[in-house]
Amino acid sequence: MKKVELYTDGACSGNPGPGGFAAILLFEGKEKTVSGGEQDTTNNRMELMAVIEGLSSLNEPCEVELYTDSKYVQQAITLGWIEDWEKRGWKRKTGPLLNPELWQRLNELLKKHRVTARWVEGHAGVELNERADKIAVLERDKAAGKQAVPEPKKEEEQVTRTEELEREIEELKERLKLLEDERERLLFKEETKFEERL
């Protein structure tokens, strides 16, 4: 079996909202990139699509070292969750399984290839994970209708650390807003329950 390294990442704005995914494959020094996006999706779907499209691009059964910053995807593969969901008719013990059609597609690919899934921390300096993230973000912005900025070539001047931090700050602001909205929703729910008890 040929040995392939696969680095994947997904990005989503709003969750649900526009999203993108990217997969970078390495084989004997050669590199291949697969990417895409959707206008209305979730982060988990994009993480799954990255792995699915990466594995689907292989023309024959391979031994694959998968690197993902999604613990959900990594644990579903390594801890046998997918096999359990299949046995239950693509349901979880506690209720419905989200994105069953994607898990079924991934399951078929896992039967074809010998995959070892490894978790890597996002934004921790793992070069190919960082590149996959940038491509996924570009695909997300393209799906959202934003003007995409081409990925800089290696010989061109790299984005400064200040610009990177500014982008990370904007992303954190988006996440904070989502958390605040969720907090307000939970507070309203608790207040409603309290009023019902009065």
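Quantities reported herein were computed from a predicted structural model and do not represent experimental measurements.

Conventions used here
Residues numbered from 1 in each chain as written. Predicted model: local features only at pLDDT ≥ 70, side-chain atom pairs only at ≥ 80, totals over all residues. Heavy atoms only, no water. Helix = DSSP H or I, 4+ residues; strand = E, 2+ residues; numbered from the N terminus. Buried < 20%, exposed > 50% of the residue type's maximum accessible area, 1.4 Å probe, protein only. Contact = heavy atoms within 4.5 Å. Areas by Shrake-Rupley, 256 points an atom, 1.4 Å probe, with all protein chains shown as cover. Core = buried A, V, L, I, M, F, W, Y, C linked by side-chain atoms within 4.5 Å. pLDDT = per-residue confidence, 0-100. Pairing = 2+ DSSP bridges.

## Here we look at the overall build of the protein chain
Within the protein chain, the regular secondary structure consists of 6 helices and 7 strands. If you list the helices and strands of the protein chain from N to C, you get β-β-β-α-β-α-α-β-β-α-β-α-α. Here the protein chain, with 198 residues, has 36% of them falling under the buried criterion. A separation threshold of at least 6 residues defines the contact pool for the protein chain, and within that pool the share at least 24 residues apart is 65%. For the protein chain, the computed accessible surface area is about 12600 Å², with 50% contributed by carbon and sulfur atoms.

## Things to note about the nonpolar core
Core analysis: the biggest nonpolar cluster contains 30 residues, and Leu55, Ile82, Trp103 and Leu106 have the highest contact counts within it. Sorting elements by how many residues they give to this core places helix α1 (residues 43–56) first, with 7 residues. Among all residues touching leucine 106, those that are not within four sequence positions of it are Leu48, Val51, Ile52, Leu55, Ile77 and Ile82. The next biggest cluster of nonpolar side chains, apart from the first, holds 11 residues, and it includes Ala11, Ala22, Ile135 and Val137.

## Some details on the confidence of the model for the protein chain
Detailed conclusions should not be drawn from predicted coordinates in areas where pLDDT is low. In this model, the protein chain carries a mean pLDDT of 87, and residues with pLDDT of at least 70 account for 86%. Strand β4 (residues 62–68) holds the highest mean pLDDT among the elements of the protein chain, 98, whereas helix α6 (residues 161–197) holds the lowest, 73.

## Topic: the pairing of strand β3 (residues 30–41)
The sheet contact formed by strand β2 (residues 17–27) and β3 spans 10 bridges and is antiparallel. Across the sheet, residue glycine 17 finds its bridge partner in β3, namely threonine 41. Joining the antiparallel neighbours β2 and β3 is a turn of 2 residues, in which glutamate 28 adopts a positive phi near 50°.

## A look at unusual backbone geometry
Cis peptide bonds are those with omega within 30 degrees of zero, and the linkage from asparagine 15 to proline 16 qualifies with 15°. Mapped onto the fold, proline 16 is located in the loop between β1 (2–12) and β2. Phi is positive for asparagine 15, which is not a glycine, with a value near 50°. Structurally, asparagine 15 is set in the loop between β1 and β2. Using a relative accessible area of 41% as the deciding quantity, one classes asparagine 15 as partly exposed. Here the phi dihedral of glutamate 28 falls at roughly 50°; this positive angle occurs in a residue that is not glycine. Note on glutamate 28: relative accessible area 70%, which makes it exposed.

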